[in-house]
Amino acid sequence: MGSLYLVGSKCFLNRIRPGLPNMARRAYTLDVCAELLRTQGFINGRWVSAASTFPVLDPATGKELVQVSDFGPREARDAVVAAHKAFHSWKCQTPKERSLLLRKWFDLVNQNKEDLAKLITAECGKPMKESLGEIAYSASFLEWFSEEARRVYGDIVSPAVKDRKILLLKQPVGVASIITPWNFPSAMITRKVAAALAVGCTVVVKPAEDTPLSALALAELAAQAGIPAGVVNVVPCSREKASAVGEVLCTDPLVAKVSFTGSTATGKILLKHAAETVKRVSMELGGHAPFIVFDSADVDKAVAGAMASKFRNSGQTCVCSNRFLVQQKIHDVFVEKLGRAMEAELRLGHGSDPATTQGPLINARAAEKVEHQIADAVSRGAVLLKGGKRLEGSFMQPTLLSSVTSDMLCMREETFGPLVPVMKFKTEEEALAIANASPVGLAGYFFSQDISQIWRVAEQLEVGMVGVNEGLISTAEASFGGVKQSGLGREGSKYGVDEYLEVKYVCIGGLAL
Ligand code: NAP
């Protein structure tokens, strides 16, 4: 189990499925093209080994998948130097040349989507259908920014005096350090890297310890696409080395920009590092999304929206609904229909099983956090309507709680698991006050058929993204990001490239006009 062997160009991995209700205990095989199963780091266009390795685990079984090179600060510095050297030539390529290379990368990701999805399922635990969805989402950023690369414009501004011309030029900032989490191991990388590369920046990527394989496979495809050596570098490392590697990536004078997606706590550490040399920063941090159902809502649409926004990736997305606020008249019918939908639609299992809709949580710590929130809520008077138990390993039953109150932990901190805590409210003002009483503000959702209420609530929710009668809102065309302690900056959309650009003012004076 967990052993890796090569047959021709295919790389096979044997594992045993865990003993959960809908799964047989039988071995199955994951076959991934050997070129895409990379276990070394990628610096200056070359695959490089480190002195030591760390294991990548299948979160469903806890078994080791492979050992990956464990880079430290020295290799991180090498990668920064390589990226800095490559920057000088990459920024001089024309936008059209960069656009074509990104488009080639996009095509290769699509051509290899099955294998890339298998890697996500293996290291992150997502059901295959969701992993394929993530690859499509990941590829969409390569496509989008290959198009945006050619649409970066400066300005010519009217001066206040006659003999001058004023130009505002857009220029790439330089080397960008990209630090990403495990929950979208492919898309969180392309959302940043494609924007950076489009405008002429080069990057050093540090993926999460749990999910380096997707990052390394993307690097392989970038190289196959013809993206020059040093433009994309990947430095995998164990959790033990993350802070030392992170420090190099956020303090090295050759780095101009830090773009991070992850928890608010880690974001604050990286912001402090980046402050030393006053680097540009983008921070996509934690969320605590309210999901509000008003009396006027179409209850079936609200239930469908709740299922989509809560249970994707077993509740492990930063934009997952975390606090369910339901108005008193619609409350009972919503809770009853949601409970029935959970029963009918959710199936726990290994992500490679086509029947699975809910994979494991990423590790035991994540499952313990959800268990703790459930125990805390029940001890304070919440009613357990469904689920509530931790199964083998890091599998958590999808859980529904009612009679939840604001003092419970699940209403005060991000859950990152399949827990639906429902709180009843009376008025719109009360719902908005509860929703906005949070130090973070990433996404928010509400269901209403009252157009005036839709305007009022959409404007007053203190979040960066709002879903109105919709539970899934992420797309390359729209801006992604939060307010308050959910972060700084925006990714995707026409604004995504701004995170990697400086505006340079050029004044041409003394003109005889
Ligand atoms: P995390 O612990 O902050 O880890 C994210 C990344 O930072 C990983 O690569 C991690 O490496 C690295 N890291 C941790 N400590 C570090 C340090 N001291 N210096 C440098 N790097 C360090 O976050 P997570 O728990 O894995 O991810 C879940 C969080 O991400 C949630 O809060 C979620 O809301 C947030 N998230 C936000 C968005 C968004 O767009 N706003 C999207 C997805 C997720 P290791 O893996 O080796 O620890």
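Bear in mind the structure is a predicted one, so any value in this text is a computation, not a measurement.

Colleague: Got a minute to help me understand the sheet that holds strand 17 (residues 383-386) in this structure?
Modeller: Each strand in a sheet pairs with another by means of backbone hydrogen bonds, the pair being arranged parallel or else antiparallel. Strand order in the open sheet made by the seven strands is 17-18-19-16-15-21-22, with mixed pairing throughout. Because the sheet does not close on itself, it has two edges, and the strands there are strand 17 and strand 22 (465-468). Averaged over all pairs of adjacent strands, the angle between their axes in this sheet comes to 20°, without regard to strand direction. By the bridge criterion, three bridges tie strand 15 (residues 289-293) to strand 21 (residues 443-447) in an arrangement that is parallel. From the neighbouring strand, Val293 faces strand 21, where its bridge partner is Phe447. Sitting on the sheet, helix 13 (residues 428-436) is in contact with strand 15, strand 16 (321-327) and strand 19 (419-425), with an inclination near 165° to strand 16.

Colleague: Would you mind going over the pairing of strand 13 (residues 255-261) with me for this structure?
Modeller: Along a regular strand, successive side chains alternate from one face of the sheet to the other. Counted residue by residue, strand 13 has six buried out of seven residues, so it is predominantly covered. Both strand 10 (residues 175-179) and strand 13 contribute to a ladder of five bridges, which runs parallel. Bridging across to strand 13, Val175 finds its partner in Val255. Tracing the backbone out of strand 13, into helix 8 (residues 264-276) and back to the parallel element strand 14 (residues 280-284) gives a crossover that is right-handed.

Colleague: Can you walk me through the confidence of the model for the chain in this structure?
Modeller: Low pLDDT marks stretches whose predicted atomic positions should not be read closely. Residues at a pLDDT of 70 or more form 94% of the chain, whose mean pLDDT is 94. Low pLDDT, under 50, characterises residues 1-19; the stretch is placed with 68 contacts to residues that sit more than four places away or in other chains. Across residues 21-28, where pLDDT falls below 50, the model places 26 contacts with residues more than four positions away in sequence or in other chains.

Colleague: How do you make sense of the pattern of salt bridges when you look at a structure like this?
Modeller: Where charged atoms of side chains with opposite charge meet at close range, the side chains can pair. One pass over the full model with this rule turns up 23 salt bridges. In this structure, Arg38 and Glu220 form a salt bridge, with 3.0 Å as the shortest nitrogen-oxygen distance. A residue pair is termed long-range when its members are at least 10 positions apart, and Arg38 in the loop between strand 3 (27-33) and strand 4 (41-43) and Glu220 in helix 6 (residues 212-225) qualify at 182 residues. For the salt bridge of Lys484 with Glu462, the shortest nitrogen-to-oxygen distance reads 2.8 Å. Here Glu462 lies in the loop between helix 14 (451-460) and strand 22 and Lys484 lies in strand 23 (residues 483-484), a separation of 22 residues in the sequence. Judged by relative accessible area, Lys484 falls into the partly exposed class, the value being 35%. Glu462 gets classed as partly exposed once you look at its relative accessible area, which sits at 36%.

Colleague: Can you help me understand the side chain of His350 in this one?
Modeller: The residue His350 is located in the loop between helix 10 (328-345) and helix 11 (364-379) in this model. Engagement of the side chain of His350 in a polar contact is seen with the side chain of Asp58, the distance being 2.9 Å. Within the structure, His350 has its side chain in polar contact with the side chain of Ser352 (distance 2.9 Å).

Colleague: Honestly, helix 1 (residues 73-90) in this entry has me stumped. Any pointers?
Modeller: Counting along an α-helix, one turn takes 3.6 residues, and residues three or four places apart therefore face a common direction. Taking 1.5 Å per residue, 18 residues should reach 26 Å; helix 1 reaches 25 Å between its end C-alpha atoms and fits that length. Where helix 1 is concerned, the buried positions are Glu75, Ala76, Ala79, Val80, Ala82, Ala83, Ala86, Phe87 and Trp90. For helix 1, the angular spread of the buried residues around the axis is 165°, confining them to a single face. Of the residues in helix 1, the exposed ones pointing more than 90 degrees away from the buried face are Arg74 and Lys85.

Cut-offs applied
Residues numbered from 1 in each chain as written. Predicted model: local features only at pLDDT ≥ 70, side-chain atom pairs only at ≥ 80, totals over all residues. Heavy atoms only, no water. Pairing = 2+ DSSP bridges. Helix = DSSP H or I, 4+ residues; strand = E, 2+ residues; numbered from the N terminus. Axes fitted to C-alpha atoms, helices over the stretch in contact; angles between N-to-C directions. Contact = heavy atoms within 4.5 Å. Buried < 20%, exposed > 50% of the residue type's maximum accessible area, 1.4 Å probe, protein only. Right-handed = clockwise from strand over helix to strand, strands pointing away. pLDDT = per-residue confidence, 0-100. Salt bridge = Lys/Arg side-chain N within 4 Å of Asp/Glu carboxyl O. Polar contact = N/O pair within 3.5 Å; in protein donor to acceptor, adjacent residues only side chain to side chain. Expected span 1.5 Å × (residues − 1). Arc of directions from axis to C-beta.

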